[in-house]
Amino acid sequence: MARLLSLFFPGLVAICAVHGIFMDRLASKKLCADDECVYTISLARAQEDYNAPDCRFINVKKGQQIYVYSKLVKENEAGEFWAGSVYGDRHEDEMGTVGYFPSNLVEEQHVYQEATKEVPTTDIDFFCE
């Protein structure tokens, strides 16, 4: 949108204010299907309910499908977490909710691409609005 506006109004700068907080990193590296971590790795199904402890995580209901986008590389005694998105029952939830969840919570139903690219995590990976 900002790019489109700048075509019609040269010199116009779009400013977007985002309020949030950068949370502690859960890991320093993640595994992805591609270098930008945008492609879906797999489709998984939750085996039990999970209540998110903070804004980095997502709430999951047993039986809910989750699209997996990255898998954090486990460090020390930390749990193993994956990043994915879940969708609600209503159509207005089309964007889905994105966040982390414990990998032992789910069973992968279908692997689209192998997570072979090791990528460093960034602060934005743990940003909460």
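Because the structure is predicted, anything quoted here is derived from the model rather than measured.

Scoring rules and cut-offs
- Residues numbered from 1 in each chain as written.
- Predicted model: local features only at pLDDT ≥ 70, side-chain atom pairs only at ≥ 80, totals over all residues.
- Heavy atoms only, no water.
- Phe/Tyr/Trp six-rings, centres within 6.5 Å; stacked < 30°, edge-to-face > 60°.
- Helix = DSSP H or I, 4+ residues; strand = E, 2+ residues; numbered from the N terminus.
- Lys NZ or Arg CZ within 6 Å of the ring centre and 35° of its normal.
- 1 Å grid on protein atoms, 1.4 Å probe; cavity = no way out; pocket = protein on both sides within 12 Å on 5 of 7 lines; lining within 4 Å.
- Points joined across faces, edges and corners; volume = space filled by probe spheres on them.
- Nonpolar A, V, L, I, M, F, W, Y, C, P; charged D, E, K, R; others polar.
- Buried < 20%, exposed > 50% of the residue type's maximum accessible area, 1.4 Å probe, protein only.
- Disulfide = S-S within 2.5 Å.

Asks: Would you take a moment to explain the packing of aromatic side chains for this structure?
Replies: Applying the stated rule across the entire model yields six aromatic pairs. Measuring from ring centre to ring centre gives 6.4 Å for W82 and F101, while their planes differ by 80°; the resulting arrangement is edge-to-face. Placement of W82 in strand β5 (residues 81-86) and of F101 in strand β6 (residues 97-102) is noted, with a sequence separation of 19 residues between them. Three or more aromatic residues joined by ring pairs make a cluster, and in this case those are Y50, F57 and F81. Of note, K71 hangs over the ring of W82, and the distance from its end group to the ring centre comes to 4.2 Å.

Asks: Could you clarify how one ought to interpret the layout of surface pockets in this entry?
Replies: Taking a probe equal in size to a water molecule and rolling it over the atoms shows the remaining empty space. Reported here for the largest pocket is a volume of approximately 360 Å³. Taken together, 16 residues form the lining of the largest pocket, with A83, V98, Y100, I124 and D125 sitting closest to its centre. Contributions of two or more residues to the lining of the largest pocket are made by β4 (65-72), β6 and β9 (127-128). Of the residues forming the lining of the largest pocket, the biggest block, three residues, is contributed by β6. In the lining of the largest pocket, the residues fall into eleven nonpolar, two polar and three charged.

Asks: Whenever I open this one, the environment of N104 confuses me. Can you help?
Replies: Mapped onto the elements, N104 comes out in the loop between β6 and β7 (106-111). Of the residues examined, N104 reaches a relative accessible area of 69% and is grouped as exposed. Between the C-alpha atoms of N104 and W82, which are 22 residues apart in sequence, the distance is 9.5 Å.

Asks: Please explain empty space enclosed by the protein as it appears in this structure.
Replies: For the structure shown, the criterion picks out one cavity of 30 Å³ or more. Here the largest cavity is characterised by a volume of approximately 40 Å³. Lining the largest cavity are ten residues, with L26, A27, V73, K74 and G79 positioned closest to its centre. Looking at side-chain class alone, the lining of the largest cavity contains six nonpolar, one polar and three charged residues.

Asks: Hey, could you run me through the state of the cysteines in this one?
Replies: As used here, a disulfide is simply a covalent bond connecting the sulfur atoms of two cysteines. Following the criterion strictly, the structure yields two disulfides and no others. The partner cysteine of C32 in its disulfide is C37, sulfur to sulfur 1.7 Å. Taking the sign of the torsion about the S-S bond as the criterion, the disulfide between C32 and C37, at about 75°, is right-handed. Of the two residues, C32 and C37, both sit in the buried class. Bridging C55 to C128, the disulfide has an S-S length of 2.1 Å. Measuring handedness by torsion sign, the sulfur bridge of C55 and C128 sits at about 95° and is right-handed. Residue C55 is located in the loop between β3 (42-46) and β4, and its partner C128 is located in strand β9; the two are separated by 73 residues in the primary sequence. Counting only the cysteines that take part in disulfides, in the order they occur along the protein chain, gives the pairing 1-2, 3-4.

By themselves these figures say nothing about function.
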